[in-house]
Amino acid sequence: MKLRIAIQKSGRLHDDSIKLLKECGIDINNGVNKLKTEASNFPLEVFFLRDDDIPQYVEDGVADIGIVGENVIIEKARPVKIAEKLGFGKCRLSLAIPKAAEYNGVKDMDKLRIATSYPVILQNFLNQHNITADIHEISGSVEIAPGIGLADAICDLVSSGSTLFMNGLKEVEVILKSEAALISNDNLTPEQEALLQKLLFRIQSVKKAKNNKYVLLNAPNDKLQEIISLLPGMKSPTVLPLAEEGWSSVHSVLNENAFWDIIENLKAAGAQGILVVPIEKMII
Ligand SMILES: Nc1ncnc2c1ncn2[C@@H]1O[C@H](COP(=O)(O)OP(=O)(O)OP(=O)(O)O)[C@@H](O)[C@H]1O
Ligand SMILES: O=P(O)(O)OC[C@H]1O[C@H](OP(=O)(O)OP(=O)(O)O)[C@H](O)[C@@H]1O
Ligand SMILES: [Mg+2]
């Protein structure tokens, strides 16, 4: 028995999806233009599909699990479970209007023509704000719509904002924040569920490792207690004597979010020779 995963064939999520599987120790040979392949060291079959189709395939059980943006999951409104958010493909779905247009709030969208590939999410947003607008569904190149007279505003994905900028548009409302997620069919068999849990365990170890760094530093023994008190660590820091009398080496794990603040405090407390090393897997 194999678990079948659907990932994007090409596009924004393709490379990161393959990379995540690799980081989980799963080897797949991803031949050019192949639509289906198998992992050599995990019971996993991989289907390469258009991202829009992935929720439907997972709902129908053609694939058991899939990797797709939350924006697509919500737009397609299929009854699938979100098993894990994956931390890549981060973007937002936003409303944008021509740079020179005046904007005083969502109510300015009333009666406008809005071009989008996300009619369901947009309609829900407009309903919540009691706004009636004319939604033009188009499947791509949405940012060009105001420039060619197709629409007054757009609702599309943004990350750096450069596509909006290049098309003379400005972002005025964020409707949704999104990242890639692992979705699963609602009715997996116990065997499939066990394989999914095995995969999730690996994904979580990879994610935790990415959010943490291994830190080594030298501390004079008279500052050791103060330095140790600044370090969270997985249990408590490792302390080893240095060859030089009166000094110790301290090893610990620091979370990315608190990282720079703690490093500054460690330096101020007398830590020296601070080394920061990436962690490949982290199992707690
Ligand atoms: N600029 C961006 N930055 C980060 N993530 C993005 C960005 N644009 C899109 N994404 C995420 O990546 C997903 C895939 O985007 P992409 O542009 O490759 O889709 P697509 O053109 O619809 O591809 P497909 O050919 O599979 O239908 C989006 O649904 C979204 O979740
Ligand atoms: O804010 P930015 O960093 O400019 O990113 C936003 C753009 O990225 C996505 O398209 P993509 O580049 O994936 O091309 P596509 O239209 O072929 O899907 C999205 O549809 C926007 O057009
Ligand atoms: Mg698509």
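- With an unreviewed UniProt entry as reference, the chain is termed ATP phosphoribosyltransferase, source organism Chitinophaga pinensis.
- Quoted verbatim from the Function (unreviewed entry) field of the UniProt record, the comment on the chain reads "Catalyzes the condensation of ATP and 5-phosphoribose 1-diphosphate to form N'-(5'-phosphoribosyl)-ATP (PR-ATP). Has a crucial role in the pathway because the rate of histidine biosynthesis seems to be controlled primarily by regulation of HisG enzymatic activity."
- In UniProt, the chain has this text filed under Cofactor (unreviewed entry): "Mg(2+)".

1. Quick look at the pairing of strand E13 (residues 238-241)
In regular strands, side chains alternate between the two faces of the sheet.
Link 1 in the chain: Two elements, E13 and strand E14 (residues 247-255), share four bridges in a ladder whose sense is antiparallel. Within the sheet, the bridge partner assigned to Pro241 lies in E14 and is Ser248.
Link 2 in the chain: In this structure, the hairpin formed by E13 and E14 is closed by a connection of five residues, where Gly246 is found at a positive phi of approximately 85°.

2. Topic: the site of ligand 1
Link 1 in the chain: Of all residues adjacent to ligand 1, which total 17 residues, the nearest are Arg12, Arg50, Asp51, Asp52 and Asn71.
Link 2 in the chain: Contact between ligand 1 and Arg12: an oxygen atom at 2.8 Å from a main-chain N or O atom of the residue.
Link 3 in the chain: Between ligand 1 and Asp52, the relevant distance is 2.8 Å, taken from an oxygen atom to a side-chain nitrogen or oxygen of the residue.
Link 4 in the chain: Expressed as a share of its isolated accessible area of 630 Å², the protein-covered part of ligand 1 is 77%.

3. Regarding the domain arrangement of the chain
Size of an interface, as often reported, equals the accessible area lost when the parts are brought together.
Link 1 in the chain: Each assigned domain of the chain is listed with its residue range as follows: domain 1 (3-88 + 179-209), domain 2 (91-178) and domain 3 (212-278).
Link 2 in the chain: Between domain 1 and domain 2, the C-alpha centre-to-centre distance is 30 Å.
Link 3 in the chain: If you look at the interface, domain 1 gives seven residues, while domain 2 gives nine residues.
Link 4 in the chain: Carbon and sulfur atoms supply 55% of the area that domain 1 and domain 2 bury against each other, a total of about 690 Å² over both sides.
Link 5 in the chain: It is Asn71, Ile74 and Glu75 in domain 1 that bury the most area against domain 2; as a group they hold 76% of the surface buried on that side.

Conventions and cut-offs
- Residues numbered from 1 in each chain as written.
- Chains lettered and ligands numbered in written order.
- Predicted model: local features only at pLDDT ≥ 70, side-chain atom pairs only at ≥ 80, totals over all residues.
- Heavy atoms only, no water.
- UniProt positions renumbered as here; feature names shortened; annotations may be inferred.
- Pairing = 2+ DSSP bridges.
- Helix = DSSP H or I, 4+ residues; strand = E, 2+ residues; numbered from the N terminus.
- Near = heavy atom within 4 Å.
- Polar contact = N/O pair within 3.5 Å; in protein donor to acceptor, adjacent residues only side chain to side chain.
- Areas by Shrake-Rupley, 256 points an atom, 1.4 Å probe, with all protein chains shown as cover.
- Domains from an automatic or database assignment.
- Contact = heavy atoms within 4.5 Å.
- Buried area = accessible area lost by both parts, 1.4 Å probe.

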